[in-house]
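# Architecture at a glance
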Amino acid sequence: MVRRSAAVLAGTAGIIVAPGLMGKAAAEPGDSLRLGGRNRAADSQTRLQSTTTVATLSLLNEHVRRHESTGDVDLVAAQLRLAGPVAGAARPQVPDVETMAAGDIAAAGGLLYFGAEAGDFDVVPSQVFTSYFANYLHPVHARDATVLDTRDLNLAERDRFTAEDLDADGRLVAGRRIAVDLRVLVNTTSVPPRAAVAVSLQVFGAAESGVLTIYPEQTGADGVAVLAYAVLPSTVTANGAPFALPATGAAIVGLDADDRLWLSVSSTAHVVVQVSVLFVPDPTAVVDTTETLLDPSPYGRRVQRQRRALRRLTADSAISK
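Residues numbered from 1 in each chain as written. Predicted model: local features only at pLDDT ≥ 70, side-chain atom pairs only at ≥ 80, totals over all residues. Heavy atoms only, no water.

Tallying secondary structure elements over the protein chain gives four helices and 18 strands in all. Sequence separation of at least 24 residues holds for 60% of the intrachain contacts in the protein chain that already meet a minimum separation of 6. Accessible surface, the protein chain: about 21500 Å² in total, of which carbon and sulfur atoms supply 55%. (Helix = DSSP H or I, 4+ residues; strand = E, 2+ residues; numbered from the N terminus. Contact = heavy atoms within 4.5 Å. Areas by Shrake-Rupley, 256 points an atom, 1.4 Å probe, with all protein chains shown as cover.)

Moving on: the sheet that holds strand 10 (residues 178–181). Strand order across the open sheet formed by four strands is 10-17-12-13, with antiparallel pairing between neighbours. Sheet topology places strand 10 and strand 13 (224–229) at the edges, where each strand pairs with a single neighbour. Neighbour-to-neighbour, the strand axes of this sheet turn through a mean angle of 30 degrees, independent of strand direction. Summarising the sheet, strand 10 and strand 17 (residues 260–265) pair through four bridges and their orientation is antiparallel. What sits directly across from Asp-181, in strand 17, is Arg-260. (Pairing = 2+ DSSP bridges. Axes fitted to C-alpha atoms, helices over the stretch in contact; angles between N-to-C directions.)

Okay, the packing of aromatic side chains next. In total, this model carries zero aromatic pairs according to the counting rule given. The residue whose ring lies beneath Arg-151 is Phe-204, and the NZ or CZ to ring-centre distance is 4.4 Å. (Phe/Tyr/Trp six-rings, centres within 6.5 Å; stacked < 30°, edge-to-face > 60°. Lys NZ or Arg CZ within 6 Å of the ring centre and 35° of its normal.)

Val-199, Leu-212, Leu-263, Val-273, Val-275 and Leu-278 are the most contacted members of the largest nonpolar core, which has 39 residues in total. Where this core is concerned, the elements lending two or more residues are strand 9 (146–149), strand 10, strand 11 (196–204), strand 12 (210–215), strand 13, strand 16 (247–254), strand 17 and strand 18 (270–280). By residue number, the principal contributor to this core is strand 18, which donates five residues. Once residues lying within four places of it in the same chain are set aside, the contact partners of Leu-212 are Leu-201, Val-203, Val-224, Ala-225, Val-226, Leu-227, Tyr-229, Leu-263, Ser-264, Val-265 and Val-271. (Core = buried A, V, L, I, M, F, W, Y, C linked by side-chain atoms within 4.5 Å. Buried < 20%, exposed > 50% of the residue type's maximum accessible area, 1.4 Å probe, protein only.)

The next thing to look at is the side chain of His-270. Note on placement: His-270 falls in strand 18. Only 2.9 Å separates the side chain of His-270 from the side chain of Thr-150, close enough to count as a polar contact. When sequence neighbours within four positions are dropped, the list of residues in contact with His-270 reads Thr-150, Arg-151, Asp-169, Gly-170, Arg-171, Gln-202, Val-203 and Phe-204. (Polar contact = N/O pair within 3.5 Å; in protein donor to acceptor, adjacent residues only side chain to side chain.)

Right, let's get into a nonpolar patch on the surface. A cluster of nonpolar side chains, Ile-105, Leu-112, Phe-114 and Val-128, forms an exposed patch at the surface whose accessible area comes to about 270 Å². Take Ile-105: it is sitting in strand 5 (residues 105–108). You can call Ile-105 partly exposed: its relative accessible area is 38%. (Patch = residues over 30% accessible without salt bridge, like charges linked within 9 Å, V, L, I, M, F, W, Y side chains within 5 Å. Salt bridge = Lys/Arg side-chain N within 4 Å of Asp/Glu carboxyl O.)

This is the structure:
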């Protein structure tokens, strides 16, 4: 009789709890963490804490985009998503950015913070921006800064210009609009928003006083005069010959869709263009130099692998990431 009663009770209990089992998996505060369902912590804190040197929490996604590996870096879907602001919160939550470790992500005040690894594995809390409303600033080393110097053009460099662009001394002819190709420094083919550069401009040996003008495109009358230069007339010089005063100016100007800078001078003169800073929509648009490609440090090698993977990822994309 005892055994029969136990069987009847067990069957009855199964009938009672069965509807509850049909609901979606969920965990209340104090319950075990449930995968594939919603876990509510209410007012209690949920923390993963470890005293070991291994990762406390590892987020992995086994799906590789395009089902292929690009060298040493796999292209995978997003591994972590942050939920929106707390509904009905009385005040914004501010992360303690001073304690952020490499790879940490925190959101506050409408901004996203990332624990960025800088240089010798130092961690710097950085605000994350996108090419939609911000740019990546990249300084150009002095050895790569000069992109045009008409005083010292070799045959290959002269071939980039038409016969009407330069005079016999190599000076830029008045009224000729030329393109300075900056693809040696920046390439925005995969990231459509155009780049901008901080340039230093110099004028030497001018035939007459004039101005140097920068243009946004090959055609169109809209230009900005960024540098004026002067030539002293023969009436005020000791030897009775005109004297061209060297002139220097600086500007931050935008490039065209093919990463070219367009300029002209109102009177024939030698022109020197040097780039000090690039403003690009994405760091992958920066063209790697020989020095960066041969960087032997672990950090430098990892950065190169990541850039190569990102370039492959955006190679066929027409949308800014």
